[in-house]
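# Results of the structural survey
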Amino acid sequence: MIKDVSLGQFFPGNSIVHRLDPRVKLVLTIVFIIALFMCRGPVPYAIMAAFLFTVILLTKISFVLIFRSIKPILILLIFTAVLNIFYATGGSELLRLGSVVITTGGIYTAFFMVFRIILLVVATFVMLTYTTSPIMLTDGLESLLSPLKKVKFPVHELSMMMSIALRFIPTLIEETEKIMSAQKSRGADFETGSIFRRAKALIPVLIPLFINAFKRAEDLALAMECRCYHGGEGRVRMRILKLCPLDYISIIVSLSVFILAVILSQILTFGVLI
Amino acid sequence: MNAIMSIRGLSHIYSPKTPFECSAIDNINLDIHAGETLGIIGHTGSGKSTLISHLNGLIKPSSGSILYEGEDIFKSKEFTHNIRFKVGLVLQYPEYQLFEETVYKDIAFGPQNMGLSGEEIKTRVLEACDFAGIDKTLLPLSPFELSGGQKRRVAIAGVIAMRPRVLILDEPTAGLDPIGRYDLLKHIKAYRDATGAAIVIVSHSMEDIAAIADKLLVMNNGTVYLYGTPGEVFSHSEKLLAAGLDLPQITHIFNKLKERGINLPSSVYTVQQAVEILKNLGGGTND
Ligand SMILES: Nc1ncnc2c1ncn2[C@@H]1O[C@H](COP(=O)(O)OP(=O)(O)OP(=O)(O)O)[C@@H](O)[C@H]1O
Ligand SMILES: [Mg+2]
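Procedures and definitions
- Residues numbered from 1 in each chain as written.
- Chains lettered and ligands numbered in written order.
- Predicted model: local features only at pLDDT ≥ 70, side-chain atom pairs only at ≥ 80, totals over all residues.
- Heavy atoms only, no water.
- Donors = N, O, S within 2.8 Å, 3.2 Å for Na, K, Ca; no water.
- Helix = DSSP H or I, 4+ residues; strand = E, 2+ residues; numbered from the N terminus.
- Buried < 20%, exposed > 50% of the residue type's maximum accessible area, 1.4 Å probe, protein only.
- Near = heavy atom within 4 Å.
- Polar contact = N/O pair within 3.5 Å; in protein donor to acceptor, adjacent residues only side chain to side chain.
- Areas by Shrake-Rupley, 256 points an atom, 1.4 Å probe, with all protein chains shown as cover.
- Nonpolar A, V, L, I, M, F, W, Y, C, P; charged D, E, K, R; others polar.
- Contact = heavy atoms within 4.5 Å.
- Buried area = accessible area lost by both parts, 1.4 Å probe.
- Salt bridge = Lys/Arg side-chain N within 4 Å of Asp/Glu carboxyl O.

With that settled, the discussion passes to the coordination of the magnesium ion (ligand 2). Octahedral metal centres with six donors ideally show angles of 90 or 180 degrees, and tetrahedral centres with four donors ideally show 109.5 degrees. All names here are of chain B. Protein ligation of the magnesium ion (ligand 2) involves Ser49 (OG) and Gln92 (OE1), the donor distances falling in the range 1.9 to 2.7 Å. Within this pair, whereas Ser49 is found in helix H1 (residues 48–55), its partner Gln92 is found in the loop between strand S6 (87–90) and helix H3 (103–113), the two being separated by 43 residues in sequence. The exposure class assigned to Ser49 is partly exposed, which follows from its relative accessible area of 28%. The exposure class assigned to Gln92 is partly exposed, which follows from its relative accessible area of 32%.

Structure, rendered in structure tokens:
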């Protein structure tokens, strides 16, 4: 079922990673990704992988789930691998099929590209979505973006829209499943036939879904107005984000690891060049 | 009597092997007979909806099997698809599934999926309207213009129009006014009597269940807690109360009377029975 897709889902918990300030996690994830793109060679990648591995252990999320989260991007991975094997050059020639040449350099690049994408995806899942509730995530984002308020950027409105959207995604999924079940009970068939037929079969699902969504939006607007919501002006928060020692320690440790990996790749590539 | 549907050792676990793992029902065995009305009661989250969603193959069992006239409903994809026309399922709050431009077209959705001819579809729609108690003047209207109760009836008619041999309804009377509930139950009964179909009805209202069911299944934490005729089940008042359920009002009154030392039978669950018993007790007249 749709619900089983663990992509981007939050797993409640009480690990160190869960308790970190969302702003710290957001920034560290971005820095991790930047560092990843600056890495060259096996050793720096190994360091980054080891870092991520430690984080996974800390979250106490099972590896089965982590593997499952890679499944949806499997096609992308295969595509990347194939493209790189055939088009990247360098190293010695391994195989020649007509005009297609496979080189050791190609295989080497393909391997690292795939590895990099996996690290990137798993890092965003583990460091952000799996361990940060959507509410915390938007709070963190709002706080990080708040300097933009000075240039009249609607930060509060944006984050409110985001939290509402995030809040209603599970509701919409649940409702889609319910409506699909109801129409299946009346013999609707979503699984066989041509693409055109399948798209047409979705009409009985989409119409009630949209009608209910509009109705819910109206209700929500009314409920918010009843509670005197009038935008971000003068609104105070219930949860105030505050950095604690744990946050500082994780920033220092993580940044050290990232810097080490980046410096090592500079030195190693330099060495190779000489 | 041969069962039209048999459930053998049925268990279902939601989201297995994740932190959200949840065993909803566990080792259920049950027979459903044609012409019989089975009432299912149980506290919120006891697995009633999960159980009945298996019966037309909407969800697959984690273990166990479901037989329709002796054949496994998951035998083949084709067979599961066709089972849905024989085992009609009306889900909880079915009014949210309406989508067509007119009430007529919406009721016709099921028969159309069966591949019936235009004439046959028309017969079925009109017949389903009678069974669900829908005024024919509503047919050309948009389903979104109707009241909640009318929408409910249209949704039920949409399933009845497939002429199912087993009609399953998940809390069909929730949110209806007393007259609406009574009327709906009467129509469901009429469908059973006219077609000899089996009815399975889930409800939180003990009065509704007592009024319509021939057999009662009480669920508790995903297992069969009690099973029997309403008389048998309602005579276990302590057990029902312990499972977080209630008794019909009239049974409460009779239990109170018995506590005061009046000699009365212990399985009274409809007002009609009560009237009979009190009449036979003598003293006073009934008019
Ligand atoms: N789609 C789902 N995913 C995960 N768990 C579910 C799902 N649907 C139901 N459950 C769980 O299964 C259990 C049984 O739910 P079910 O809906 O069958 O109860 P119910 O008896 O119909 O309750 P109610 O009287 O409220 O309708 C509950 O604990 C519920 O949390
Ligand atoms: Mg239910």
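With that out of the way, let us pick up the site of ligand 1. Around ligand 1, 15 residues are found, and the nearest of them are B:Thr44, B:Gly45, B:Lys48, B:Ser49 and B:Thr50. Two or more chains meet at ligand 1, and those chains are chains A and B. Here an oxygen atom of ligand 1 and a backbone polar atom of B:Gly47 are 3.0 Å apart. Contacts to ligand 1 include B:His204, whose side-chain N or O atom sits 2.9 Å from an oxygen atom. Relative to its unbound accessible surface of 640 Å², ligand 1 loses 68% to contact with the protein. Listed by contribution, the elements that provide at least two residues to the shell around ligand 1 are strand S2 (22–32) and H1 of chain B. With three residues, H1(B) is the single largest residue contributor to the shell around ligand 1. For the shell around ligand 1, a count of residues per class yields three nonpolar, nine polar and three charged.

Contact residues are listed per partner, giving 24 residues for chain A and 26 residues for chain B. In this assembly, chain A packs against chain B so that about 2,000 Å² is buried in total across both faces, 63% of it on carbon and sulfur atoms. Across the chain A-chain B interface, the total number found is one salt bridge. The residue B:Asp106 makes a salt bridge to A:Arg186 at a minimum N-O spacing of 3.0 Å. Inspection of the region where chain A meets chain B yields four residue pairs in polar contact (both at pLDDT 80 or more). Mapped by element, the contributors of at least two residues to the side of chain A that touches chain B are helix H4 (63–70), helix H8 (155–185) and helix H10 (203–226) of chain A. For the side of chain A that touches chain B, the element with the highest residue contribution is H8(A), accounting for seven residues. Taken together, the residues that form the side of chain A that touches chain B break down as 11 nonpolar, six polar and seven charged.

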